[in-house]
Amino acid sequence: MAEYEGDDLIIAMGAPGSRWSGSIRAIQTSVDVNTTDDDSERIYDLVDGEMPLGWHRGAYWGPYHEFGNNFDRLDDLTKEEVVSEFKRPFSNWNHGIKIIKSHWFSYHIPLLREWFPKAKLIAFYMPDDFCFDWWHKVGGWNITYPHYEWYENDERMRLQIEIENACIQQAFPVLENLSLEEIHKKLGLSTQLISDHEIDEWDKKLPQLREIFNKSNQEVLNNTVYRTFTGIQ
Amino acid sequence: MQEYRVEYSRNPGNVWESLKTLPPVSKENYNSLYEFSKATSRYHFNETVSDLESLDSDCPAVIPVKHFDANWNQAVSELITQAKPADFGFRKTTRLSGNNVLEENDFRRWGYDIDGGYTIANRILNPNLQEPLQYILDCFGFEKPGIVKFDVQMPGQCFYWHLDAFGGVLKNERGDFEKSSTSDLDQREVMRTIIFLDDQRLGQVWQQGNLSLRWSRGDCITWPWRDIPHGTCNYGHTPRPVLNITGKLTDKTWDFLYGGI
């Protein structure tokens, strides 16, 4: 049997506060993406006045999480163990492109590329100070999902954001604003989105954003991805 | 270098919306304002490349906005008499020390005589504008307070080849480049625009990237401020007046750019 090379994977990474979750959610509107890792327990939003902040959805992998508890030392695991962990949250793994997201992927980019030569790697970047401030704005240590215990305190959070960002900048020489269509094309995904009706059923956040900004789904999604520097390999 | 006559076949709103931004870099690694700014520019910095094609790209060397026309001659004549030489000492009062140190390093390295009277233009900061010049400012609908300058480049003055860093405009948000402003993360949030208040005369030069502009009285331009190097000089015989407006965009600005006004 041919070795699994990750041709149905998008491996996503970004430091806390990089606004990666919103971007990933927007990317998941392509008809090609499998979002069967969604679960009513795997959600976090914050409303700041009338402004909804945070858009955490679906599985995250890493220490203190349901999945990928040892992903801070990915190099101590085997590829088979990692793939098995990838699959666990999906109720149906056998269709579409799966987006696997973990802050700890940033520390292991060469290894991930070696294991999954046919996967797309996507990284989200914002400057260190921005990430730290934004993460706090979205709730900081009060964020209930995903989980940040591994970062321990503000001092370590600042340090790890710096490290994760440095790893991303080293591995992704081009980090730029991209439209949703550009991202979908670079990821090899269909640019056809699920219908507006399906979007509203799928995630209640989008109708909220649409109303607040008085914009279409397409405009809201585009603005969401464009504001964060993105690199794709 | 190619000559480019300012014209309005492209919608400035669409062009401005298409702009991209490179992530900020730390100033710690730089002792030159030009090199620091260049690190976040998407321009090619190659003298042999034609920039006419750039006008249809997401990194255009210049973006014509609109042609204004009204009788502002008397107002401009009066402003010209009030404008004062903008030397390095004058210009650094609006910025913070780190920015000034980097720029001074550049001047000294390049041989500009900043101790002996090098001036970029004669300038009035936040001039008291009368109609119809106030109308032009109002069209843009920038978030207040914007920065308005009346600049008149007198014969013999030149504005050195540079990239905009907006060290004065954005200092409240970023300090002395200690933090990123939101405009550093998305350059579309802030715009500098120039309105030429007189026809181009012989000996007056405005270069955007590899384009030498040909302008007429009333032409209004902007450019991706983080990307496009530019410089100007007046080796002619007559003053070259412009209105120089910088501000954060609002919905009104976008409406104006898209042609709603």
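Residues numbered from 1 in each chain as written. Chains lettered and ligands numbered in written order. Predicted model: local features only at pLDDT ≥ 70, side-chain atom pairs only at ≥ 80, totals over all residues.

Draft legend 1. A look at the overall build of chain B. Within chain B, the regular secondary structure consists of 9 helices and 12 strands. Relative to the compact-globule value of 18 Å for 261 residues, chain B shows a C-alpha radius of gyration of 17 Å, a close match. Within chain B, the fraction of its 261 residues that count as buried is 39%. Restricting to contacts in chain B with at least 6 residues of sequence separation, those with at least 24 account for 84%. (Helix = DSSP H or I, 4+ residues; strand = E, 2+ residues; numbered from the N terminus. Rg over C-alpha atoms; globule rule 2.2 N^0.38 Å. Buried ≥ 20, exposed ≤ 12 C-beta atoms within 10 Å, placed from the backbone. Contact = placed C-beta atoms within 7 Å.)

Draft legend 2. The arrangement of the packing of helix α1 (residues 20–27) of chain A against helix α9 (residues 217–226) of chain A in detail. Residue and element names in this part refer to chain A. Running from N to C, α1 and α9 cross one another at 140°; their axes reach a closest spacing of 8 Å. The angle between α1 and α9 falls in the class oblique. The two elements α1 and α9 cross, and the hand of that crossing is left-handed. Each of Gly22, Ser23 and Ala26 in α1 lies in contact with α9, whose residues at this interface are Leu221, Thr224 and Val225. Classifying every residue of the contact of α1 with α9 gives 3 nonpolar, 3 polar and no charged. (Axes fitted to C-alpha atoms, helices over the stretch in contact; angles between N-to-C directions. Parallel < 35°, antiparallel > 145°, perpendicular 65-115°, else oblique. Left-handed = near helix turned anticlockwise from the far one by under 90°. Nonpolar A, V, L, I, M, F, W, Y, C, P; charged D, E, K, R; others polar.)

Draft legend 3. Region of interest: α9(A). Taken as a whole, α9(A) has its buried residues at Val220(A), Leu221(A), Thr224(A), Val225(A) and Tyr226(A). Where α9(A) is buried, its residues touch α1, α6 (180–186), α8 (205–213) and β7 (229–232) of chain A.

Draft legend 4. A look at the sheet that holds strand β9 (residues 211–214) of chain B. All names here are of chain B. Across the sheet, which stays open at both edges, the 5 strands sit in the order β1-β9-β8-β11-β6 with mixed pairing between neighbours. The sheet terminates laterally at β1 (2–5) and β6 (158–162), the two strands that pair on one side only. Each neighbouring strand pair of the sheet contributes to a mean axis angle of 25°, computed without reference to strand direction. When strand β8 (residues 204–208) meets strand β11 (residues 230–234), the two strands line up antiparallel, connected through 5 bridges. Paired with Gln208 across the two strands is His230, which belongs to β11. (Pairing = 2+ DSSP bridges.)

Draft legend 5. View of the interface of chain A and chain B. Facing the 10 residues of chain A at the interface are 9 residues of chain B. Per-class residue counts for the side of chain A that touches chain B are 6 nonpolar, 1 polar and 3 charged.

Draft legend 6. Main features of the sheet that holds strand β2 (residues 33–34) of chain A. Residues and elements named next belong to chain A. Taking strand neighbours across the sheet as the criterion, the 5 strands line up as β2-β5-β1-β6-β7 in an open arrangement whose pairing is mixed. Lying at the two open borders of the sheet, with one neighbouring strand each, are β2 and β7. When strand β1 (residues 9–14) meets strand β5 (residues 97–101), the two strands line up parallel, connected through 4 bridges. By the bridge assignment, Ala12 is partnered in β5 with Lys101.

Draft legend 7. Structural context of the pairing of strand β12 (residues 240–248) of chain B. Residue and element names in this part refer to chain B. Burial analysis of β12 places 7 of its 9 residues in the buried class, the great majority of the element. Across 7 bridges, the pairing between strand β7 (residues 190–196) and β12 is antiparallel. When the bridges of β12 are listed, Ile194 appears paired with Asn244.

Draft legend 8. A look at the nonpolar core. Core analysis: the largest hydrophobic core is formed by 55 residues, its most contacted members being Ile10(A), Ile11(A), Ala12(A) and Ala123(A). With 54 residues, the next largest nonpolar core counts Ile195(B), Cys220(B), Trp225(B) and Val242(B) among its residues. (Core = buried A, V, L, I, M, F, W, Y, C linked by C-beta atoms within 7 Å.)

Draft legend 9. Fine view of helix α5 (residues 154–171) of chain A. Residues and elements named next belong to chain A. In this model, α5 (18 residues) spans 26 Å end to end at C-alpha, consistent with the 26 Å of a helix rising 1.5 Å per residue. Within the span of α5, buried status applies to Met157, Gln160, Ile161, Glu164, Asn165 and Ile168. Across the axial projection of α5, the buried residues extend over an arc of 135°, all falling on one side. Residues Glu155, Arg156 and Gln170 are exposed on α5 and point more than 90 degrees away from its buried face. Looking at the buried residues of α5, the elements they touch are β1, β6 (120–125) and α4 (128–137). (Expected span 1.5 Å × (residues − 1). Arc of directions from axis to C-beta.)

Draft legend 10. Up close: unusual backbone geometry. Cis rather than trans, the peptide bond between Tyr145(A) and Pro146(A) has omega equal to 0°. Considering the arrangement of structural elements, one finds Pro146(A) in the loop between α4 and α5. Residue Glu131(B) is joined to Pro132(B) through a cis peptide bond whose omega torsion reads 10°. With respect to the helices, strands and loops of the structure, Pro132(B) is situated in the loop between β4 (119–125) and α6 (133–140). At Arg19(A), a position not held by glycine, the phi torsion is positive, near 70°. Topologically, Arg19(A) is positioned in the loop between β1 and α1. The class of Arg19(A) is buried, set by 24 C-beta atoms lying within 10 Å.

Draft legend 11. Local environment of the environment of Gly247(B). Residues and elements named next belong to chain B. Relative to the elements of secondary structure, Gly247 occurs in strand β12. Taking the number of C-beta atoms within 10 Å as the measure of exposure, Gly247 has 21 and is therefore buried. C-alpha of Gly247 to C-alpha of Asn71: the two residues are 176 residues apart in sequence and 25 Å apart in space. Setting aside residues up to four positions removed in sequence, Gly247 forms contacts with Phe140, Phe142, Glu143, Gly146, Ile147, Val190 and Met191.

Draft legend 12. Geometry of the environment of Trp161(B). Residues and elements named next belong to chain B. Its place among the elements puts Trp161 in strand β6. Look at Trp161 and you get partly exposed, because 14 C-beta atoms sit within 10 Å. Through-space distance from the C-alpha of Trp161 to that of Thr232 is 7.6 Å; in sequence the pair is 71 residues apart. In this view, Trp161 contacts Pro229 and Gly231; residues no more than four positions away in its chain are not counted.

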